[in-house]
Structure formats: structure tokens, C-alpha cells
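These are the residues of each chain, in order.
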Amino acid sequence: MTAIHIQGLGTYVPAKRITNDDLASRVDTSDEWIVSRTGIKARHMLADDENGSDAGVKAALLALEDAGLEPGDITHVLTATCTPDYLCPSTACILSGKLGTHGAMAFDLNAACTGFVYGLDVARGLLAGNPDAKILLVGSEAFTRRMNWNDRTTCILFGDGAAAVVLTDGDAGTPRACLPSAARLRDVQCGADGRQYPLLTVGGGTARNYRPGDPVQDDFYLQMQGREVFKLAVRSLSSVCAQLLERNGLSLDDVDLFIPHQANLRIIEAVGDRLKLGADKVFVNLDEYGNTSAASIPLGIGDACRQGRIRAGSRVLISAFGGGFTWGAALLEF
Ligand code: UT7
């Protein structure tokens, strides 16, 4: 029986910080509206000469340092992203080339904002088949590159960032920099309802038959039916968390910290109410980063460790939802 552990974690957020007031100078919005409807105060943006793969490399180097490993030790590179550098090659291959994990299997995984949780489930399967594997799972997003800066209903929500973890079979000792202890992946559960795919789309794929010289259409950017996504998010997060806890014979009293996908504070509060979780057990950092999609949960784990809210012995529930429509939850025991 494999006992998968997160052995190291690293995070990276670009230096350029965009405040709500900055956005209010571009579209008809205000700091008051954005904070009261979303909880977001700022988001970070990649520099012009920096791509999602570069952000991923920076996070990955820190994760390797935390795990006490070298790039050459890695056997698999998985990048969870829905804003890849290119349709092909994968961001995982580009990142692998820059990082020096030559020869390791490398591929992207697109489950939108649930990508990191899906990645844990995929890594669990890979480690079951190959207990010697050392897997680098990177959530990296460049969402500001697909924002329609004329659409006030979406451009206020998203930011760029990356976070990476190293997954191994067994606990190889105390991490060196970020995590207070290795974290056992106790269980993970994921699902999707593809009938809901039109609710959230990011263009640039082959669904639209662009010809040379065609102007970019609005569907090139992120498009979202926010209210519908909001309702589905609250329902799916609450139910996948309840199911995961039940099948592990646990209740919310057994959870020390809940780290939900950071999309909207009102979604997080509604899920907390449904699950009857006190606000002190719910982690929030979207005020500073906005929605960083597949990077959101590992960025949250990193911040929670640095703030001392995750300690050796903590049991942490993570849960995400996203385009697709996808959802997932996992239990981590530090
Ligand atoms: O990772 C998955 C990503 N997606 C999500 O998690 C999104 C989930 N949905 C949401 O977070 C919310 O639905 C939004 C934040 C997107 C929107 O909040 P809302 O409370 O659902 O607002 P609404 O769409 O019902 O719009 C209310 C009003 C509208 O005006 P009218 O029609 O009432 O006159 C909008 O035009 O607010 C207006 N509005 C804005 N006003 C100022 C929408 N965006 C803005 C804005 N600034 N940025």
C-alpha cells in the first residue's frame, strides 16, 4: 500500500501588483464593489517577458529545495494549468527543459481551477504503479493573458501565480524550508459534469476556426456565467467535502484547517456555513492574489504554513471547483 507524501512545496507570485483602484481606471468598477462582491483587493501579473512556465520553474526550484532533491531526481513533471504557454508543446515540457528534469515524463493536466486536486489523484495512481517515482506537480497560471480588459464582470477576478509540490511514496523526513512536516495524502476524490462546460470558457483552442488575419473575437478571452458558476461552486464544494469525510470516517471536527479554492469570499463563506465550519478554520488569501486557478490551493497551503496555521500534526481539507465543470477534494495529514 503506497503512503503518498507531499515532501516539499514552493510558491511564486509575480512582483507586479494590480489593485482594484488600478482596474477602476480601466473599466467601470470600484474598490467598494469588488471587495464587497468578491473579497479581492489585489492580484499579481506576470511581467511581459515572463510566462507561466517561468513562474512554474521558480515555484518548482523552491519545492525541490524544500524536499532536499535535485531536478535530476524527478521522474514525472505534471503541470496543472488551463492557461498554458502554448497548445503544444505542454507547459510541463517547457518547464522541464528550463528546470533540468531531462528524461522525466512531462505532461499538462487541464481541470481548470481543480487542476491541483486532480493532479494529486493522478500522482496517486502513478505512485501506485511505480513507488520509486518522484513527482513534481506544478499549478501554474497566466490568467491575466486571457482577461478581456473591457469586461468588468471577469477582469477583476483573476491573477497569475504558481505553486509546486514534490510527491513521493513514504515520508523522507522533515522538509527543509516551507512545510512543517511531510504531508500524507490520506485520500482524494474528483469529479466532473461536462454538460456544464459553456459556463466557463477560455479561448485560443481550435473550436474557433481562425484564418490568418482574422481579428481576435471575445471568445478568445475568459468568458463566464458568474451567477451560475457561483451556485454550482457552493453545491459541489460542500458535497465533495462531505462525501470525502464520510468515506474516511471523519467529521469536520477532525479537520484543523479548510483550504478552499480562492475564487470568491462569498462562495467560501457559503460553503463554510453549509459545512458548519467556524471562520477560524477556513483559510483565505484571495484578498491578495485573486483567483489563481490551479495555483490557488497550493499557494494557500504555502501561506498557511508560513503563517503557522498548518503545523506538524495538522489535518487539512482542500477543495476546489472550476471550468468543465470540475470539482475535487483531498485530505492532507501533516
Ligand atoms: O474558479 C472559478 C471561477 N469563477 C467563479 O468563482 C465566479 C463565481 N461567480 C462570482 O464570483 C460572481 O457571480 C461575480 C463576482 C462574478 C459577480 O457577482 P454577482 O454578485 O453574481 O453579480 P452579478 O453578476 O449578479 O451582477 C450584479 C450587478 C450587475 O449590474 P445590474 O445588472 O444589476 O445593473 C452587473 O453588471 O453588478 C454589475 N457588475 C459590476 N459592477 C461594478 C458586474 N461586475 C461589476 C464590476 N463592477 N466589476
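Not measured: the values here are computed from a predicted model.

### Quick look at the overall build of the chain
Working step 1: Scanning the chain from N- to C-terminus turns up 9 helices and 13 strands.
Working step 2: Against the globule reference of 20 Å for 334 residues, the chain gives a C-alpha radius of gyration of 19 Å, in line with a compact fold.
Working step 3: Judged by the C-alpha coordinates and their principal axes, the chain covers about 50 × 45 × 35 Å.
Working step 4: Taking all 334 residues of the chain together, the buried fraction comes to 55%.
Working step 5: Of the contacts made within the chain by residues no fewer than 6 positions apart, 77% connect residues no fewer than 24 positions apart.
Working step 6: For the chain, the accessible area works out to roughly 14,000 Å², and carbon and sulfur atoms hold 48% of it.

### A closer look at the domain arrangement of the chain
Working step 1: The domains assigned to the chain are domain 1 (4-169) and domain 2 (183-333).
Working step 2: On a C-alpha basis, the centroid separation for the pair domain 1 and domain 2 is 14 Å.
Working step 3: When the two sides are added together, the surface that domain 1 and domain 2 hide from each other amounts to roughly 3,900 Å², 64% of it contributed by carbon and sulfur.
Working step 4: Among the residues of domain 1 in contact with domain 2, Cys113, Val117 and Arg146 are the three that bury the most area, contributing 17% of the side total.
Working step 5: On inspection of domain 1 and its partner domain 2, the count reaches 2 salt bridges.
Working step 6: Our count for the contact surface shared by domain 1 and domain 2 stands at 23 residue pairs in polar contact (both at pLDDT 80 or more).

### Describing the side chain of serine 238
Working step 1: Relative to the elements of secondary structure, serine 238 occurs in helix H6 (residues 226-247).
Working step 2: Residue contacts for serine 238: discarding those within four places in its chain leaves Val271, Arg274 and Leu275.

### A closer look at the site of the ligand
Working step 1: Around the ligand, a shell composed of 24 residues is seen, among which Thr29, Arg37, Arg152, Arg227 and Asn264 lie nearest.
Working step 2: In this structure, a nitrogen atom belonging to the ligand sits 3.4 Å away from a side-chain N or O atom of tryptophan 33.
Working step 3: One of the side-chain nitrogen or oxygen atoms of histidine 261 is found 3.0 Å away from an oxygen atom of the ligand.
Working step 4: For the ligand, whose unbound accessible area comes to 960 Å², protein coverage reaches 76%.
Working step 5: The greatest single-element share of the shell around the ligand, amounting to 4 residues, is contributed by H6.
Working step 6: Class assignment for the residues of the shell around the ligand results in 12 nonpolar, 7 polar and 5 charged.
Working step 7: Residues from two domains meet in the shell around the ligand; each of domain 1 (4-169) and domain 2 (183-333) gives at least three.

### Regarding the side chain of arginine 315
Working step 1: Here arginine 315 shows up in strand E12 (residues 315-322).
Working step 2: Among the polar contacts listed, one links the side chain of arginine 315 to the side chain of glutamate 333, at a separation of 2.8 Å.
Working step 3: When near neighbours in sequence (up to four residues on either side) are disregarded, arginine 315 contacts Arg186, Leu250, Asp254, Val255, Asp256, Leu257, Leu331, Leu332 and Glu333.

Rules used throughout
Residues numbered from 1 in each chain as written. Predicted model: local features only at pLDDT ≥ 70, side-chain atom pairs only at ≥ 80, totals over all residues. Heavy atoms only, no water. Helix = DSSP H or I, 4+ residues; strand = E, 2+ residues; numbered from the N terminus. Rg over C-alpha atoms; globule rule 2.2 N^0.38 Å. Buried < 20%, exposed > 50% of the residue type's maximum accessible area, 1.4 Å probe, protein only. Contact = heavy atoms within 4.5 Å. Areas by Shrake-Rupley, 256 points an atom, 1.4 Å probe, with all protein chains shown as cover. Domains from an automatic or database assignment. Buried area = accessible area lost by both parts, 1.4 Å probe. Salt bridge = Lys/Arg side-chain N within 4 Å of Asp/Glu carboxyl O. Polar contact = N/O pair within 3.5 Å; in protein donor to acceptor, adjacent residues only side chain to side chain. Near = heavy atom within 4 Å. Nonpolar A, V, L, I, M, F, W, Y, C, P; charged D, E, K, R; others polar.

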